[in-house]
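For reference, the chains in residue letters:
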Amino acid sequence: MPLIRYTASADNTIVNAFQPNLRVRGTGSNAGAADVLEVFSIYGRQTTSSQELSRVLLKFPINQISSDRTSERIPASGSVSFYLKVFNAPSSKTVPPDITLEVNPMKNDWQEGIGLDLEGYKDLTKGNIGSNWMSASSTSSWNSVSGGGDWLSSSADYRYEQRFTSGLEDMEINITPLVENWIKGSGGGGIANYGLGIKLTSSQEASGSGKTVLASNEQSVQNN
């Protein structure tokens, strides 16, 4: 059976990083049309204890995969494996060694958006189409009051990790149980396909605080 590649149907980078003025966080920014995706944790850039985070959202065409199974282009469950592959984009910037990235399915749906800016975080959605750190879409906020997405992580089948020794490796993780649950769908004993998120593990990034955030452009503070 030949390898079949399914490319992401939507992707975005969401951040609570500071804009260049180091006063306002870019929590309302969208990067759905950017040509790269970023995951990072920055400590101490604004103050000695300030923290800034970036996370990745990805969604795949499960309807197409289901259709290919029906037409026998791909084998039945139990006879095929699905791998998440994300490739490192070479950069002149220093990358952290010995990191671990965590992959979880998203608990709620989100919009990709058309933002490009991953430097100043100035492509704000302001109620327009697209997700950001505080909002899943132009009409819905994340359930988490501190933002950063709604992650489904209650089952071992839904949580994956990969360690990066140099920080320059490509990501390749067998996510077969997750994809099979997407194919089943919520009505067939699986889960709805809202895509997945990629972030540093909780020990390598900040965890959510209890601060109530009222608007997508308010500053979201994370505490270790």
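Residues numbered from 1 in each chain as written. Predicted model: local features only at pLDDT ≥ 70, side-chain atom pairs only at ≥ 80, totals over all residues. Heavy atoms only, no water.

(A) The overall build of the protein, seen in detail. In terms of helices and strands, the protein carries 2 helices and 10 strands. Reading the protein from its N terminus to its C terminus gives the helix and strand order β-β-β-α-β-β-β-β-α-β-β-β. Counting the 224 residues in the protein, one finds 46% classified as buried. For the protein, restricting intrachain contacts to residue pairs at least 6 apart in sequence, the fraction spanning at least 24 positions comes to 71%. A total accessible area of about 11,500 Å² is found for the protein, and carbon and sulfur atoms account for 49% of it. (Helix = DSSP H or I, 4+ residues; strand = E, 2+ residues; numbered from the N terminus. Buried < 20%, exposed > 50% of the residue type's maximum accessible area, 1.4 Å probe, protein only. Contact = heavy atoms within 4.5 Å. Areas by Shrake-Rupley, 256 points an atom, 1.4 Å probe, with all protein chains shown as cover.)

(B) A look at the packing of aromatic side chains. According to the stated counting rule, one finds 0 aromatic pairs in the structure shown. The ring of F18 carries R25 above its face, with NZ or CZ at 4.3 Å from the centroid. Lying over the aromatic face of W151, K199 brings its terminal NZ or CZ to 4.4 Å of the ring centre. (Phe/Tyr/Trp six-rings, centres within 6.5 Å; stacked < 30°, edge-to-face > 60°. Lys NZ or Arg CZ within 6 Å of the ring centre and 35° of its normal.)

(C) Representation of the nonpolar core within the structure. L84, V103, M171, I175, L178, L196 and I198 are the most contacted members of the largest nonpolar core, which totals 28 residues. Secondary structure elements with two or more residues in this core: β3 (51-59), α1 (62-70), β5 (99-105), β6 (160-164), β7 (171-174), α2 (176-184) and β8 (196-200). Ignoring anything within four residues of it in the chain, the contact list for L84 reads L58, F60, V103, M171, E172, I173, I175, L196 and I198. Residues A10, W110, M134 and A136 belong to the second largest nonpolar core, which totals 11 residues. (Core = buried A, V, L, I, M, F, W, Y, C linked by side-chain atoms within 4.5 Å.)

(D) Quick look at α2. Burial runs high along α2: 7 of the 9 residues are buried. Within α2, burial applies to T176, L178, V179, E180, N181, W182 and I183. Buried residues in α2 make contact with α1, β5, β6, β7 and β8. One or two residues past the end of α2 sits G185, with phi positive at roughly 75°.

(E) Up close: α1. Of the residues making up α1, those classed as buried are I62, I65, D68 and R69. The arc enclosing the buried residues of α1, seen along the axis, measures out at 120°, which places them on a common side. Along α1, the residues that are exposed and aim more than 90 degrees away from the buried face are N63 and T70. Where the residues of α1 are buried, they touch α2. In the segment just after α1, E72 is the residue with positive phi, at about 65°. (Arc of directions from axis to C-beta.)

(F) Geometry of the environment of M106. Secondary-structure assignment places M106 in the loop between β5 and β6. Sequence separation between M106 and A192 is 86 residues, and the spatial gap between their C-alpha atoms is 9.2 Å. In this view, M106 contacts L57, W142, G149, D150, W151, L152, Y194, G195, L196 and G197; residues no more than four positions away in its chain are not counted.

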